[in-house]
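# Commentary on secondary and tertiary structure
Given next are the chains, with one letter for each unit.
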Amino acid sequence: MLAVNLESAFLCTQAALPGMRHIGRGRIVNIASTAGLTGYAYVAAYCAAKHALVGLTRALALELAGAGVTVNAVCPGYTDTDLVARAAATISAKTGRDVAEAKAGLAATNPMGRLVKPEEVAAAVAWLASPEAAAVTGQSIVVACGELIA
(Lines give C-alpha, C1' and ligand atoms only; values in the text may rest on other atoms or scores of the structure.)
Protein backbone atom coordinates (compact mmCIF):
# COMPACT_ATOMS: atom_id res chain seq x y z
CA MET A 1 0.00 0.00 0.00
CA LEU A 2 2.83 2.41 0.84
CA ALA A 3 4.76 1.51 -2.31
CA VAL A 4 1.80 2.20 -4.60
CA ASN A 5 0.35 5.25 -2.87
CA LEU A 6 3.39 7.01 -1.38
CA GLU A 7 6.71 5.71 -2.63
CA SER A 8 5.65 5.98 -6.28
CA ALA A 9 4.83 9.68 -5.86
CA PHE A 10 8.09 10.25 -3.98
CA LEU A 11 10.16 8.55 -6.70
CA CYS A 12 8.40 10.44 -9.52
CA THR A 13 8.98 13.73 -7.70
CA GLN A 14 12.61 12.85 -7.08
CA ALA A 15 13.08 12.16 -10.81
CA ALA A 16 11.29 15.29 -12.06
CA LEU A 17 12.45 17.83 -9.50
CA PRO A 18 15.99 18.52 -10.80
CA GLY A 19 14.59 19.64 -14.16
CA MET A 20 11.95 21.80 -12.51
CA ARG A 21 14.54 23.46 -10.28
CA HIS A 22 16.81 24.00 -13.27
CA ILE A 23 14.16 25.95 -15.20
CA GLY A 24 12.77 27.63 -12.08
CA ARG A 25 9.19 26.41 -12.36
CA GLY A 26 7.04 23.33 -12.22
CA ARG A 27 3.91 21.68 -10.95
CA ILE A 28 3.61 18.54 -8.87
CA VAL A 29 0.07 17.23 -8.41
CA ASN A 30 -0.34 14.14 -6.28
CA ILE A 31 -3.50 12.05 -6.38
CA ALA A 32 -4.46 11.43 -2.77
CA SER A 33 -8.00 10.72 -1.58
CA THR A 34 -10.54 11.88 0.93
CA ALA A 35 -9.08 8.93 2.87
CA GLY A 36 -5.94 11.06 3.20
CA LEU A 37 -7.90 13.71 5.09
CA THR A 38 -10.11 11.53 7.31
CA GLY A 39 -10.32 7.91 8.39
CA TYR A 40 -12.46 5.09 7.04
CA ALA A 41 -13.12 1.73 8.65
CA TYR A 42 -11.61 -1.41 7.12
CA VAL A 43 -9.01 0.43 5.00
CA ALA A 44 -6.47 1.52 7.61
CA ALA A 45 -3.43 0.84 5.42
CA TYR A 46 -4.92 2.83 2.52
CA CYS A 47 -5.80 5.72 4.85
CA ALA A 48 -2.31 5.70 6.33
CA ALA A 49 -0.68 5.77 2.89
CA LYS A 50 -2.90 8.60 1.64
CA HIS A 51 -2.36 10.61 4.86
CA ALA A 52 1.38 10.20 4.28
CA LEU A 53 0.99 11.42 0.70
CA VAL A 54 -0.84 14.53 1.89
CA GLY A 55 1.98 15.10 4.41
CA LEU A 56 4.60 14.69 1.68
CA THR A 57 2.68 17.17 -0.46
CA ARG A 58 2.60 19.78 2.31
CA ALA A 59 6.25 19.36 3.26
CA LEU A 60 7.46 19.59 -0.34
CA ALA A 61 5.27 22.65 -0.93
CA LEU A 62 7.07 24.45 1.88
CA GLU A 63 10.49 23.31 0.70
CA LEU A 64 9.89 24.32 -2.92
CA ALA A 65 7.85 27.51 -2.45
CA GLY A 66 10.80 29.72 -3.36
CA ALA A 67 11.84 27.60 -6.33
CA GLY A 68 8.82 28.32 -8.54
CA VAL A 69 7.48 24.78 -8.03
CA THR A 70 4.01 24.24 -6.60
CA VAL A 71 3.01 21.00 -4.93
CA ASN A 72 -0.62 20.09 -4.35
CA ALA A 73 -2.84 17.05 -3.93
CA VAL A 74 -6.20 16.24 -5.42
CA CYS A 75 -8.35 14.23 -3.02
CA PRO A 76 -11.21 12.51 -4.82
CA GLY A 77 -14.05 10.81 -3.04
CA TYR A 78 -15.63 7.66 -4.42
CA THR A 79 -15.04 7.94 -8.16
CA ASP A 80 -16.71 5.96 -10.93
CA THR A 81 -13.69 3.78 -11.69
CA ASP A 82 -12.78 0.10 -11.79
CA LEU A 83 -11.52 0.42 -8.21
CA VAL A 84 -14.97 1.44 -6.96
CA ALA A 85 -16.60 -1.26 -9.10
CA ARG A 86 -14.34 -3.84 -7.41
CA ALA A 87 -15.16 -2.36 -3.99
CA ALA A 88 -18.88 -2.67 -4.73
CA ALA A 89 -18.36 -6.29 -5.80
CA THR A 90 -16.50 -7.00 -2.56
CA ILE A 91 -19.26 -5.37 -0.51
CA SER A 92 -21.80 -7.44 -2.41
CA ALA A 93 -19.91 -10.67 -1.79
CA LYS A 94 -19.54 -9.97 1.93
CA THR A 95 -23.04 -8.65 2.60
CA GLY A 96 -25.21 -10.37 0.02
CA ARG A 97 -26.40 -6.99 -1.26
CA ASP A 98 -26.75 -6.47 -5.00
CA VAL A 99 -23.66 -4.90 -6.64
CA ALA A 100 -25.71 -1.93 -7.88
CA GLU A 101 -27.07 -1.42 -4.37
CA ALA A 102 -23.55 -1.53 -2.93
CA LYS A 103 -22.37 1.03 -5.50
CA ALA A 104 -25.35 3.25 -4.68
CA GLY A 105 -24.41 2.97 -1.01
CA LEU A 106 -20.95 4.33 -1.80
CA ALA A 107 -22.48 7.19 -3.79
CA ALA A 108 -24.80 7.97 -0.89
CA THR A 109 -21.82 8.88 1.33
CA ASN A 110 -21.84 12.40 -0.10
CA PRO A 111 -24.57 15.08 -0.24
CA MET A 112 -24.85 14.94 -4.04
CA GLY A 113 -25.59 11.21 -3.86
CA ARG A 114 -23.44 10.29 -6.84
CA LEU A 115 -19.97 9.09 -7.72
CA VAL A 116 -17.35 11.57 -8.84
CA LYS A 117 -16.64 11.40 -12.58
CA PRO A 118 -13.01 10.75 -13.57
CA GLU A 119 -13.20 13.84 -15.81
CA GLU A 120 -13.94 15.98 -12.74
CA VAL A 121 -10.75 14.77 -11.07
CA ALA A 122 -8.81 15.37 -14.28
CA ALA A 123 -10.14 18.94 -14.50
CA ALA A 124 -8.87 19.70 -10.99
CA VAL A 125 -5.45 18.32 -11.89
CA ALA A 126 -5.37 20.34 -15.13
CA TRP A 127 -6.22 23.53 -13.24
CA LEU A 128 -3.51 22.93 -10.63
CA ALA A 129 -1.02 22.39 -13.46
CA SER A 130 -2.06 25.62 -15.19
CA PRO A 131 -0.49 29.08 -14.90
CA GLU A 132 -3.71 30.29 -13.24
CA ALA A 133 -2.91 28.16 -10.18
CA ALA A 134 0.59 29.59 -9.69
CA ALA A 135 -0.29 30.92 -6.22
CA VAL A 136 -1.77 27.62 -5.01
CA THR A 137 0.64 25.33 -3.18
CA GLY A 138 0.46 22.89 -0.29
CA GLN A 139 -3.26 22.38 -0.76
CA SER A 140 -5.45 19.31 -0.77
CA ILE A 141 -8.22 19.97 -3.27
CA VAL A 142 -11.23 17.82 -2.42
CA VAL A 143 -13.28 16.60 -5.39
CA ALA A 144 -15.93 14.60 -3.59
CA CYS A 145 -19.47 15.89 -4.19
CA GLY A 146 -19.50 17.59 -0.79
CA GLU A 147 -18.37 14.51 1.17
CA LEU A 148 -15.93 16.54 3.27
CA ILE A 149 -16.94 20.09 4.01
CA ALA A 150 -14.55 21.93 6.28
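Refer to the structure printed above.
Residues numbered from 1 in each chain as written. Predicted model: local features only at pLDDT ≥ 70, side-chain atom pairs only at ≥ 80, totals over all residues. Heavy atoms only, no water.

### Thoughts on the state of the cysteines
Under the criterion given, the structure shown has zero disulfides. For Cys12, which is in no disulfide, the shortest distance to another cysteine sulfur is to Cys75 and amounts to 17 Å. (Disulfide = S-S within 2.5 Å.)

### Section: helix H1 (residues 2-23)
The terminal C-alpha atoms of H1 lie 31 Å apart, and with 22 residues this matches the ideal 32 Å at 1.5 Å per residue to within 8%. Taken as a whole, H1 carries its principal kink of about 40 degrees at Ala16; the proline Pro18 stands between one and four residues after it. For H1, the full list of buried residues reads Asn5, Ala9, Thr13, Leu17 and Met20. On its buried side, H1 packs onto strand E1 (26-31), helix H2 (44-64) and strand E2 (69-76). Within two residues after H1, Gly24 carries a phi angle of roughly 80 degrees, on the positive side. (Helix = DSSP H or I, 4+ residues; strand = E, 2+ residues; numbered from the N terminus. Expected span 1.5 Å × (residues − 1). Bend = angle between axes of the 7 residues up to and from the residue. Buried < 20%, exposed > 50% of the residue type's maximum accessible area, 1.4 Å probe, protein only. Contact = heavy atoms within 4.5 Å.)

### Comments concerning the packing of helix H3 (residues 82-95) against helix H4 (residues 99-107)
Between H3 and H4, the shortest axis-to-axis distance is 8 Å and the interhelical angle comes to 120 degrees. Pair H3 / H4 crosses with right-handed handedness. Seen from H3, the contacting residues are Val84, Ala87, Ala88, Ala89, Ile91 and Ser92; seen from H4, they are Val99, Ala102, Lys103 and Leu106. Its residues assigned to classes, the contact of H3 with H4 comprises eight nonpolar, one polar and one charged. (Axes fitted to C-alpha atoms, helices over the stretch in contact; angles between N-to-C directions. Left-handed = near helix turned anticlockwise from the far one by under 90°. Nonpolar A, V, L, I, M, F, W, Y, C, P; charged D, E, K, R; others polar.)

### What about the side chain of Asn5?
Topologically, Asn5 is positioned in helix H1. Only 3.1 Å separates the side chain of Asn5 from the side chain of Lys50, close enough to count as a polar contact. Those residues within four positions of Asn5 in sequence are excluded, and the remaining contacts are Tyr46, Ala49, Lys50 and Leu53. (Polar contact = N/O pair within 3.5 Å; in protein donor to acceptor, adjacent residues only side chain to side chain.)

### Quick word on unusual backbone geometry
Look at Tyr42: it is not a glycine, yet its phi comes out positive at around 75 degrees. Turning to its location among the elements, Tyr42 is positioned in the loop between E1 and H2. Not every positive phi belongs to a glycine, and Cys145 is a case in point at roughly 55 degrees. Locating Cys145 in the fold gives a position in the segment after strand E3 (140-143).

### Some details on the nonpolar core
Formed by 15 residues in total, the largest nonpolar core has its most connected members in Leu17, Ile28, Ala32, Leu64, Val69 and Val71. Broken down by secondary-structure element, the contributors of at least two residues to this core are H1, H2 and E2. Core analysis: the next-biggest nonpolar cluster, separate from the first, contains nine residues, Val116, Val136, Val143 and Cys145 among them. (Core = buried A, V, L, I, M, F, W, Y, C linked by side-chain atoms within 4.5 Å.)

### Considering the pairing of E1
Only one face of E1 is covered, namely the one carrying Gly26, Ile28 and Asn30; the face carrying Arg27, Val29 and Ile31 has none of its residues buried. Across six bridges, the pairing between E1 and E2 is parallel. If you follow Arg27 over to E2, its bridge partner there is Thr70. Traced from E1 through H2 to E2, the parallel crossover comes out right-handed. (Pairing = 2+ DSSP bridges. Right-handed = clockwise from strand over helix to strand, strands pointing away.)

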